[in-house]
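Chain and residue survey
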Number of protein chains: 2
Amino acid sequence: MTLTLKTKNYYIMSNFDQIVELIADDLSAIEAKLTEHTASEYTFVDMAVQHVVEGGGKRLRPILVVLSAKVCDYEGSDAHTLAAVVELIHVASLVHDDVLDEAAIRRGRETLQTKWGNKVAVLVGDYLHARVLSMLVARRSDDPAMAILADTTQAMCEGEVIHAYKSGDFDISEDEYLKIISFKTGKLIAASCTLGAHLGTTEAQQIEALTVYGQQIGTAFQIVDDLLDFTEDSDKLGKDAFGDLREGKLTFPIIYARTVCNDSEKQMLEKMLHPDTDETEAIAFVESLFQSYGVEPHCLKVAQGYADRAKAALAIFPETPARTALSELADYVVSRES
Amino acid sequence: MTLTLKTKNYYIMSNFDQIVELIADDLSAIEAKLTEHTASEYTFVDMAVQHVVEGGGKRLRPILVVLSAKVCDYEGSDAHTLAAVVELIHVASLVHDDVLDEAAIRRGRETLQTKWGNKVAVLVGDYLHARVLSMLVARRSDDPAMAILADTTQAMCEGEVIHAYKSGDFDISEDEYLKIISFKTGKLIAASCTLGAHLGTTEAQQIEALTVYGQQIGTAFQIVDDLLDFTEDSDKLGKDAFGDLREGKLTFPIIYARTVCNDSEKQMLEKMLHPDTDETEAIAFVESLFQSYGVEPHCLKVAQGYADRAKAALAIFPETPARTALSELADYVVSRES
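Here goes a summary of the coordinates provided. (Residues numbered from 1 in each chain as written. Chains lettered and ligands numbered in written order. Predicted model: local features only at pLDDT ≥ 70, side-chain atom pairs only at ≥ 80, totals over all residues. Heavy atoms only, no water.)

Between chain B and chain A, the contact holds 42 residues from the first and 43 residues from the second. When chain B packs against chain A, the two sides together hide about 3,900 Å² of surface, and 77% of this comes from carbon and sulfur. The interface formed by chain B and chain A includes 0 salt bridges. For the side of chain B that touches chain A, the secondary-structure elements that each account for two or more residues are α3 (43-53), α5 (78-101), α7 (118-137), α8 (144-166) and α9 (174-200) of chain B. (Contact = heavy atoms within 4.5 Å. Buried area = accessible area lost by both parts, 1.4 Å probe. Salt bridge = Lys/Arg side-chain N within 4 Å of Asp/Glu carboxyl O. Helix = DSSP H or I, 4+ residues; strand = E, 2+ residues; numbered from the N terminus.)

Structure below.
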């Protein structure tokens, strides 16, 4: 039995909290870089941008840059700049996702379009890309970060466009879906690790190991993200629960359920994803279907498989606190509740 | 009297057509670069992207890069790459503008959101930015193009965000509006000229002259763009006429009319910009107001003032076909009908 008491004076930290504590100084430096590189002399622009940049989130990608750099013996401040770059690319993609999904809440805060309308939201996303460009052009041209991030942002968009185009296709296969998420989500998470690695080493084997680690946890992360939409409440998620279902989005749990349920359930499921279907009815049907076919444990098992492969890729590195942290982070990606 | 006959066999070319003919080889090379640098291995992404990239338009910014380079004695192919970069930045901004304005038609073609929905449109804009990033990171880091374009994309977004934020402010001053358009439109047009200049010269005076030329025609261009929304029909514009008015956008002609009309007309004008107002009534009122106060000739006069200052900035260059073309282009920006 594990004793977990959360009071003001005494609590046992989760692995994630411990990781955050391990690199607390780095994370503060990254927050400072984020503010510095997104500031605008125009008050309103600055306010709208800081609303999303300061909007919390776990800073998973910055943590990955820092830990990947440390695993390769790099401790300098360029990790903070690159961490800020990947986080800004991520925030920009969230801002545009929220416009497209008409999301009202993100990370427990009102979204930009709720506060100031779609126009401001699309433009703030573009502004963040412009600032990323500024941060990148200030770098040396032989810096591998440039090409890595150019490829990454392109792949993210391709993944998103294909996902948007395929969104009405109830027959999308699990493999097709996994490929899409490896682009949409996996590329930037993998790039975070690759960038960190490049700071500390030129050894291809080490860089490749961290890239593989990132790709694997990226896929695990998205599968769990898809699952949490069905299993967690809005408060914990910091956004509306059942959002994907409401939009009729095909995500990993639905794609799996579709392949294991019987024909009449499959027809019903397709109907439930239609925008005209009553929301309460759709949620009740999907929850009961997930229960019957053990969709939640299946998704967690698949995600844990990716996390285990991620951890295995770390074996070539000496055992350091940073390697342990990366290993625990892989498990956290699966066990997290938001 | 000028004889202008447009038949299959015989016509007198406009100045703009002559300019296009003068640099026809450059323009073909630029089209090839545009296709090359936006191609995606994913069929649907490729189709959606080519729909907007090939979607015509005057290629004003590429023309400016090429002519500015030629005025500074540069004739190489890097002008084509930079011309493609600025055009892609421009197309990306149009794609996002059209999403925000819910435009159905642009350059005589269906917009992306009409064909495939908002999501694809926002993402294609992001994809184009990602491709621009790829093109830029392939350059030498001491290349001034990088910093110029990073500053430009940031300023464009700032201008757009401020414009979106100010869109409900009926009392925006002419000066404030001119500053916004110098950011939104002027920066990229000026950057096109600056980039061309840098290819051929390191002389600050020449670079500055072309930057000033670009800033001035940029403002002229936007004032005329604002005017054409009221004076040309949808066929010529390649987009819906009275689009700005329908959206209640405050543009240069409205801001000028507001300052010269009487108080009751001013109140009526404000009412006409409200989204609930009957469109036909609003158009009739604004047309009659513009007639009474000579808004069209006033706007053209202001625009011509900018064009004249642009031409004056060219005086330091020797008289070459490229300088003549730039000079005529300044007049064309004012006299164009679409």
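Moving on from the model shown.
Another point: the nonpolar core. With 240 residues, the main nonpolar core has A:Tyr213, A:Leu329, B:Tyr213 and B:Leu329 as its most contacted residues. Aside from chain neighbours lying at most four places away, what touches A:Tyr213 is A:Leu64, A:Cys193, A:Ala310, A:Lys311, A:Ala313, A:Leu314, A:Leu326, A:Leu329 and A:Ala330. (Core = buried A, V, L, I, M, F, W, Y, C linked by side-chain atoms within 4.5 Å. Buried < 20%, exposed > 50% of the residue type's maximum accessible area, 1.4 Å probe, protein only.)

To continue, consider the packing of aromatic side chains. All names here are of chain A. In total, this model carries 6 aromatic pairs over all chains according to the counting rule given. Where Phe16 meets Tyr332, the ring centres are 4.3 Å apart and the plane angle is 15°; that geometry is what we call stacked. Of this pair, Phe16 sits in helix α1 (residues 15-22) while Tyr332 is found in helix α17 (residues 321-335), placing the two residues 316 residues apart along the sequence. The pair Phe16 / Tyr332 is uniform in exposure class, with both members buried. A cation over an aromatic ring shows up here: Lys187 above the ring of Phe183, its NZ or CZ 5.3 Å from the ring centre. (Phe/Tyr/Trp six-rings, centres within 6.5 Å; stacked < 30°, edge-to-face > 60°. Lys NZ or Arg CZ within 6 Å of the ring centre and 35° of its normal.)

All right, on to the relation of the copies chain B and chain A then. Of the transformation superimposing chain B on chain A, the axial component is 0.0 Å and the angular component is 180°, with the fit at an RMSD of 0.0 Å. In symmetry terms, the pair is related by a two-fold rotation axis. By C-alpha distance to the rotation axis, the residue of chain B lying nearest is B:Ser141, at 2.3 Å. When the interface residues of chain B are mapped onto chain A, 100% of them are again interface residues, pointing to one common binding face. (Least-squares fit on C-alpha atoms with pLDDT ≥ 70 in both.)

Let us look at the pattern of salt bridges. All names here are of chain A. One pass over the full model with this rule turns up 21 salt bridges over all chains. For Asp331, the salt bridge is made with Lys311, and the minimal N-O distance between the two is 2.9 Å. With Asp331 in helix α17 and Lys311 in helix α16 (residues 295-313), this pair connects stretches of sequence that are 20 residues apart. Exposure remark for Lys311: the relative accessible area of 25% places this residue in the partly exposed category.

Take it as geometry only, folks, not as evidence of what the structure does.
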